[in-house]
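# Survey of secondary and tertiary structure
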Amino acid sequence: YPQAAASIERAIRIEPRQPVLWLELGNIRLKEGNFAQAESLGRKALSLSAGDAAISARAQQLISTAKSR
């Protein structure tokens, strides 16, 4: 996971307003057991989703899963 996270973090520096990148990083943090950060990243993705229902749903699912752990 560390290498994947580093690649996504690099992509976020290039395109910080892409909610999918924040979601992917949040999913990595979730798998690593960093639930607080996963929730935070899900909230960031949700704030950037700009009416995209699919992205919003994925972000809400990430937040819910992180909170339940």
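Since the structure is predicted, the reported quantities are computational estimates derived from the model, not experimental observations. (Residues numbered from 1 in each chain as written. Predicted model: local features only at pLDDT ≥ 70, side-chain atom pairs only at ≥ 80, totals over all residues. Heavy atoms only, no water.)

## Considering unusual backbone geometry
Phi angles above zero are rare outside glycine, and Ala50 is one such case at about 45°. Position of Ala50 relative to the elements: it lies in the loop between α3 (35-48) and α4 (53-67). The exposure class assigned to Ala50 is exposed, which follows from its relative accessible area of 74%. (Helix = DSSP H or I, 4+ residues; strand = E, 2+ residues; numbered from the N terminus. Buried < 20%, exposed > 50% of the residue type's maximum accessible area, 1.4 Å probe, protein only.)

## What about the side chain of Glu39?
With respect to the helices, strands and loops of the structure, Glu39 is situated in helix α3. Contact partners of Glu39, with chain neighbours within four places excluded, come to Ile63, Ala66 and Lys67. (Contact = heavy atoms within 4.5 Å.)

## Details of the packing of helix α2 (residues 19-32) against α4
The geometry of α2 relative to α4 is characterised by a closest axis approach of 10 Å and an angle of 25° between their N-to-C directions. Considered as vectors, α2 and α4 are oriented roughly parallel to each other. Both α2 and α4 take part in a crossing whose hand is left-handed. Residues Pro19, Val20, Leu23, Glu24, Gly26, Asn27 and Leu30 of α2 touch α4, and the partners they reach there are Ile55, Arg58, Ala59, Leu62, Thr65 and Ala66. Per-class residue counts for the contact of α2 with α4 are eight nonpolar, three polar and two charged. (Axes fitted to C-alpha atoms, helices over the stretch in contact; angles between N-to-C directions. Parallel < 35°, antiparallel > 145°, perpendicular 65-115°, else oblique. Left-handed = near helix turned anticlockwise from the far one by under 90°. Nonpolar A, V, L, I, M, F, W, Y, C, P; charged D, E, K, R; others polar.)

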